[in-house]
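# A look at the structure
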Amino acid sequence: PVGKSCIIFVDDLNMPAKEVYGAQPPIELLRQFMDHGGWYDLKEKTFRSMIDVEFVCAMGPPGGGRTFITPRFTRWFNTISVTEFDNEAMTGIFDSI
């Protein structure tokens, strides 16, 4: 609808496994949207342009099944990193609630 926007939240962004050549196909589809503003419709052989769409993503540090995300994809995001709290800080936070 006119005047509205869509926000898509992608959790565990760095979970897709890498293929033989090192690419992560689900992330490549998201990157195609970021680079070109839409996706190609293979049935109709047309480009589907999408407007007023924003992505918000979350991911954990690499390791334990999580992989690195390429700079080619992360260039589209503002990256915010939060360090893990120690037990004393967590106790103080939850005791004050």
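Quick summary incoming for the structure in this document. The shown structure was predicted, so the numbers you read here are calculated from the model rather than taken from an experiment.

## Digging into the overall build of the protein chain
Along its length, the protein chain carries three helices and four strands. In sequence order, the secondary structure elements of the protein chain are arranged as β-α-β-β-β-α-α. In summary, the protein chain has a C-alpha radius of gyration of 18 Å against a globular reference of 13 Å for 97 residues, an excess of more than 25%. When its C-alpha atoms are laid out on the principal axes, the protein chain stretches across 60 × 40 × 20 Å. A buried classification covers 21% of the 97 residues belonging to the protein chain. Considering only contacts within the protein chain whose residues lie at least 6 apart along the sequence, 56% involve residues at least 24 apart. Charge centroids of the protein chain, computed over 9 positive and 13 negative side chains, lie 14 Å from each other.

## Overview of the pattern of salt bridges
Across all of its chains, the model carries six salt bridges by this definition. Between aspartate 35 and arginine 75 there is a salt bridge, and its shortest N-O distance comes to 2.8 Å. On the criterion of sequence distance, the pair formed by aspartate 35 in helix α1 (residues 25-36) and arginine 75 in the loop between α2 (71-74) and α3 (87-95) is long-range, its members being 40 residues apart. By relative accessible area, which is 25% here, aspartate 35 ends up partly exposed.

What counts, and at which threshold
Residues numbered from 1 in each chain as written. Predicted model: local features only at pLDDT ≥ 70, side-chain atom pairs only at ≥ 80, totals over all residues. Heavy atoms only, no water. Helix = DSSP H or I, 4+ residues; strand = E, 2+ residues; numbered from the N terminus. Rg over C-alpha atoms; globule rule 2.2 N^0.38 Å. Buried < 20%, exposed > 50% of the residue type's maximum accessible area, 1.4 Å probe, protein only. Contact = heavy atoms within 4.5 Å. Lys, Arg positive; Asp, Glu negative; His and termini not counted. Charge placed at Lys NZ, Arg CZ, Asp CG, Glu CD. Salt bridge = Lys/Arg side-chain N within 4 Å of Asp/Glu carboxyl O.

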